[in-house]
Amino acid sequence: MTTPALLPLSGRRIPTLTPGVSSFPHHRATLRLSEKFILLLILSAFITLCFGAFFFLPDSSKHKRPPLPPLSLGLRSLRDKIRADHERALQEAKEKLRKSKDELKAEIQTEKTKVAEDLKKKDGPKPLPPVPMPKLVGVNDGDPGDPDTKEKRDKIREMMKHAWDSYRQYGWGHNELKPLAKKGHSTNIFGNSQMGATIVDALDTLYIMGLHDEFKDGQEWIEQNLDFSVNAEVSVFEVNIRFIGGLLAAYYLSGQEVFKVKAVQLAEKLLPAFNTPTGIPWAMVNLKSGVGRNWGWASAGSSILAEFGTLHMEFVHLTYLSGNPAYYEKVRHIRKLLAKMDRPNGLYPNYLNPRTGRWGQHHTSVGGLGDSFYEYLLKAWLMSDKTDTEARKTYDDAIEAIERHLIRKSNGGLTFIGEWKNGHLERKMGHLTCFAGGMFALGADGSPDDKAGHYLQLGAEIAHTCHESYDRTVLKLGPEAFKFDSGLEAVAVRQNEKYYILRPEVIETYWYMWRFTHDPKYRQWGWEATQAIDKYCRVSGGFSGVKDVYSSNPTYDDVQQSFFLAETLKYLYLLFSGDDLLPLENWVFNTEAHPLPVLHMANITLPGSQNQG
Ligand code: DMJ
């Protein structure tokens, strides 16, 4: 068998070996001939290859890009748009350079907030952590038993329905109602917002009265419309007591998550108000930009004691429900700061500057500007299941100084609470101050030196004085402020103090006194007030305040205040209900009459409470 000749890869000749044939010289001529032949073969193969390559390789000229066609319509408009954008950006940049530093800062802030808002929207609201529901006792019924009381209670329920239905018909979604003009109404405490203040404020009253369809209607509006991303400058205090308090109470009573979620969303919007050099919040905050400021009328740019001192209850609940320690930290900080301050004559002035941390004008009051600060000290203690003893001690000390300097008996034997202005006692009491009767009664149990009897008595005396302020008018409704001077007792002197704007404080005190004493006179006084309101304040479009309680022919102020539904009608209803409806051992009412459950703090660790100094 012959082995085929191997073509050398390198051109080195390799002898082909044929078996039985030796490689002697006489074979050389034959070998050279075959070499030539092979070379010839290789050469012809190479030529064929080159030839083939020339003809068969792809013609690169065919693959050249064709020249660009003229721009299509779409491309041309895109190019024009880019040019226009470029021009506009240039123009904007030029205009920006002309703006002042402050204008630019404000613009940047707005942009930042917008971006943050958009981001938040993308993330959606964070789910709230599950926390145990506190023990909820007596959230409905409260049947008073006897038919006469029940009839009175039914009448109050009917008044609530008239107030609600009128608002539903003429003011729905607005903050309040103009019952004569039959349209929506609002005041500067809500900025230019339309946040349905009456709906939120009224919810828990509707709930306890068993007005379930109305409650559902309100809930639906809140679910679909209550939005806090509004460019409105609102009062931090009012939003806290009416909106956050109202939403929290509605959540606890009904168990509907939406109220809790909305309360926390709104509270987040209030937090920028605390960005002051001292941590004492501004009175107002813009819900969109977070910019805060104080009321122009408040002493030297001060914040108000009754405003920054009326956050504790709601903020403790917010931290409890949201797991966010910020709320609790803010109110702890306020309390610590106040504890360190000197108090003239042991009294708290109504004004505190949030920049300097110094008191403003030395004016102390248990009425407007001061009132609910004292109320919240006592209620913080009650709401903590009496574990917040620091709050109780602060309350006791404050009340002791108030008794020493502000509480007096008139010549006619009426106990009143005056106002302290720069070392001088003004013998004037406001309708707002009348809530203090109930506060003294509520704080009687647990008062130092076993003075429970004394404080219950003080509560009864204030209730009596305030009743006199109603009884000494033509309409049997109390004036805004009344004097104890120059022979005049419990009556208003100035024309601009003679109005009644559906306020609750006197009825609030009747209710507390009723719960603690069961003296029938409190129900009787409450019924007198109910009848007077129904007779003189009721109009076809709801209920209105009146301008002069001493006139038999009064004019209306044409406002149905949201607190009429939240407080006045609720306290009246409770006054004619059994004590098993919202028992005071389990519920603490915020200053807008929104019931919040007692938190059994012995079993609860609030987030942030470990960091207390
Ligand atoms: C309510 O909004 C609250 O009670 C507040 O504390 C002061 N007064 C008004 C109603 O008079």
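Fair warning: this is a prediction, and the values are worked out from it, not measured in the lab.

Moving on to the overall build of the protein. If you tally the helices and strands in the protein, you get 18 helices and 19 strands. Across the 613 residues that make up the protein, the buried fraction comes to 52%. By sequence separation, contacts in the protein at least 24 residues apart represent 69% of the contacts at least 6 residues apart. With an accessible surface of roughly 30,100 Å², the protein has 56% of that area assigned to carbon and sulfur atoms.

The subject of this paragraph is the packing of helix α12 (residues 371–383) against helix α13 (residues 389–405). Put simply, α12 and α13 touch, their axes get as near as 7 Å, and they point 145 degrees apart. Where α12 crosses over α13, the two elements pack in a sense that is left-handed. The residues of α13 that touch α12, namely those facing Y374, L377, L378, A380 and W381, are T389, A391, R392, T394, Y395, A398 and I402. In the contact of α12 with α13, the residues fall into nine nonpolar, two polar and one charged.

Before going further, it helps to spend a moment on the UniProt feature "binding site: Ca(2+)" (unreviewed entry) in the protein. According to UniProt, the positions carrying the feature "binding site: Ca(2+)" (unreviewed entry) are T591. Assignment of secondary structure puts T591 in the loop between β18 (587–589) and β19 (595–597). Relative accessible area serves as the criterion here: at 14%, T591 is assigned to the buried category. With residues near it in sequence (within four places) discarded, T591 still touches F237, I241, T310, S372, E375, Y376 and E567. Of the polar contacts made by the side chain of T591, one reaches the side chain of E375; its length is 2.9 Å.

Under the definition given, this model contains one disulfide. Bridging C434 to C466, the disulfide has an S-S length of 2.0 Å. Around the S-S axis, the bridge from C434 to C466 shows a dihedral of about -95 degrees and counts as left-handed. Separated by 32 residues along the polypeptide, C434 in the loop between β13 (428–430) and α14 (435–444) and C466 in helix α15 (residues 452–471) bring together distant segments of the chain. Residue classification places C434 among the buried residues on the basis of a relative accessible area of 0%.

Let us now look at the sheet that holds strand β15 (residues 488–491). Taken together, three strands build an open sheet; the order of strands is β13-β14-β15 and the sheet is antiparallel. With one partner strand each, in any of the chains shown, β13 and β15 form the two edges of the open sheet. Between one strand axis and the next, the sheet turns by 20 degrees as a mean value, whatever way the strands run. Note: β13 against strand β14 (residues 481–485), three bridges, orientation antiparallel. When the sheet's bridge partners are listed, G430 is paired in β14 with A481. Each of β13, β14 and β15 is contacted by α15, which is oriented at about 105 degrees to β14, the strand it contacts most.

On to the site of the ligand, then. Around the ligand, the structure places I241, R242, L432, R503, P504, E505, F563, E567, T591 and E592. Within the side chain of R503, one N or O atom sits 2.7 Å away from an oxygen atom of the ligand. For the ligand, whose accessible area on its own is 290 Å², the fraction buried by protein is 91%. The cavity where the ligand resides is the largest pocket. Those elements that place two or more of their residues in the shell around the ligand are α7 (236–254) and α18 (562–575). Of the residues assigned to the shell around the ligand, the class counts are four nonpolar, one polar and five charged.

As a further point, take the UniProt feature "active site" (unreviewed entry) in the protein. As recorded in UniProt, the sites labelled "active site" (unreviewed entry) are E238, D371, E480 and E505. As for the annotated residues, the ones lining the largest pocket are E238, D371, E480 and E505. Residue placement: E238 occurs in helix α7. The topology assignment puts D371 in helix α12. When near neighbours in sequence (up to four residues on either side) are disregarded, D371 contacts A306, S365, V366, L432 and F435.

Turning to the pattern of salt bridges, a few remarks are in order. Applying the stated criterion across every chain, the model contains 31 salt bridges. Of the charged contacts, one joins E214 and K161 as a salt bridge, the two residues approaching to 2.9 Å between their closest N and O atoms. A residue pair is termed long-range when its members are at least 10 positions apart, and E214 in helix α6 (residues 212–225) and K161 in helix α4 (residues 147–170) qualify at 53 residues. In this structure K161 comes out as partly exposed when scored by relative accessible area, which is 32%. Here R538 and D534 are joined by a salt bridge, their closest N and O atoms 2.9 Å apart. Bridged by salt links that share partners, the residues K155, E158, D534 and R538 form one connected network.

Its boundaries defined by the atoms lining it, the largest pocket holds a volume of some 1,300 Å³. If you trace the largest pocket, you find 48 residues lining it, with G368, L369, L432, E480 and R503 closest to the centre. Listed by contribution, the elements that provide at least two residues to the lining of the largest pocket are α7, α9 (305–308), α12, β11 (419–421), β13, α16 (505–517) and α18. Broken down by element, the lining of the largest pocket gets its largest block of residues, four residues, from α7. Class assignment for the residues of the lining of the largest pocket results in 17 nonpolar, 14 polar and 17 charged.

Judged by nonpolar contacts, the single largest core of 165 residues is most densely connected at F440 and I533. Per-element accounting of this core gives the leading share, twelve residues, to α7. Sequence-distant contacts of I533, defined by excluding residues within four places in its chain, comprise M159, L477, Y500, L502, I507, R538, F543, F564 and T568.

Attention now moves to the packing of aromatic side chains. The final tally for this structure, using the stated rule, is 26 aromatic pairs. Ring geometry for W527 and F576: centres 5.9 Å apart, planes at 75 degrees, overall edge-to-face. With W527 in helix α17 (residues 520–536) and F576 in the loop between α18 and β18, the pair connects residues that are 49 residues apart, well separated along the chain. Here R168 stacks its cationic end above the ring of W172, 4.0 Å away from the centre of that ring. Over the ring of W381 we find R392, and its NZ or CZ is 4.6 Å from the ring centre.

Here is what the cut-offs are and how they apply
Every chain begins its residue count from 1, and numbering advances along the sequence as written. Local features in a predicted model are, by the rule used here, given only for residues with pLDDT of at least 70; side-chain atom pairs are given and counted only at 80 or more, and totals for whole chains, interfaces and linings are based on all residues. Water and hydrogen atoms were dropped before computing side-chain values, which therefore reflect all heavy atoms in the structure. Each helix is a run of DSSP H or I of at least 4 residues and each strand a run of E of at least 2, with the numbering of both proceeding from the N terminus. Buried residues are those whose accessible area, probed at 1.4 Å on protein chains only, stays under 20% of the maximum for their type, while exposed residues exceed 50% and partly exposed ones sit between those limits. In what follows, residue pairs with any heavy atoms lying within 4.5 Å of each other are defined as contacts. For every accessible area listed, the method is Shrake-Rupley and the probe measures 1.4 Å; residues are considered covered only by the protein chains on display. Angles here are taken between N-to-C directions and fall from 0 to 180 degrees, while the axes themselves are lines fitted to C-alpha atoms, restricted in helices to the stretch in contact. Handedness of a crossing follows from how the near helix is turned relative to the far one, being left-handed for an anticlockwise turn of less than a right angle and right-handed for a clockwise one. Only Asp, Glu, Lys and Arg are considered charged in this grouping, and only Ala, Val, Leu, Ile, Met, Phe, Trp, Tyr, Cys and Pro are considered nonpolar; every other residue, Gly among them, is considered polar. UniProt positions are given in the numbering used here, feature names are shortened, and annotations may be inferred rather than shown by experiment. Nitrogen and oxygen atoms within 3.5 Å of one another constitute a polar contact, given that in protein one can donate a hydrogen and the other can accept it, and given that sequence-neighbouring residues count only through two side-chain atoms. A pair of cysteine sulfur atoms is labelled a disulfide when the two atoms are within 2.5 Å. Two strands are said to pair when DSSP picks up at least two bridges between them. Here a residue is near a molecule or strand as soon as one of its heavy atoms is found within 4 Å of it. Lining residues are those with an atom within 4 Å of a point, where the points come from a 1 Å grid over the protein atoms alone and group into cavities, where a 1.4 Å probe fits but cannot get out, or pockets, open sets with protein on both sides within 12 Å along at least five of seven lines. Each molecule is checked against the cavity or pocket grid, and it sits inside if more than half of its atoms lie within 2 Å of the grid points. We count a salt bridge whenever a side-chain nitrogen from Lys or Arg sits within 4 Å of a carboxyl oxygen from Asp or Glu. Grid points are joined across faces, edges and corners, and a volume is the space filled by probe spheres set on the points. Nonpolar cores are built from buried Ala, Val, Leu, Ile, Met, Phe, Trp, Tyr and Cys residues. Side-chain atoms within 4.5 Å join them into one set. A pair of Phe, Tyr and Trp rings is counted when the ring centres sit within 6.5 Å of each other, with Trp represented by its six-membered ring. The angle between the planes then sorts it: under 30 degrees is stacked, over 60 is edge-to-face, the rest tilted. In our convention, an over-ring charge means Lys NZ or Arg CZ found within 6 Å of a ring centre and within 35 degrees of that ring's normal.

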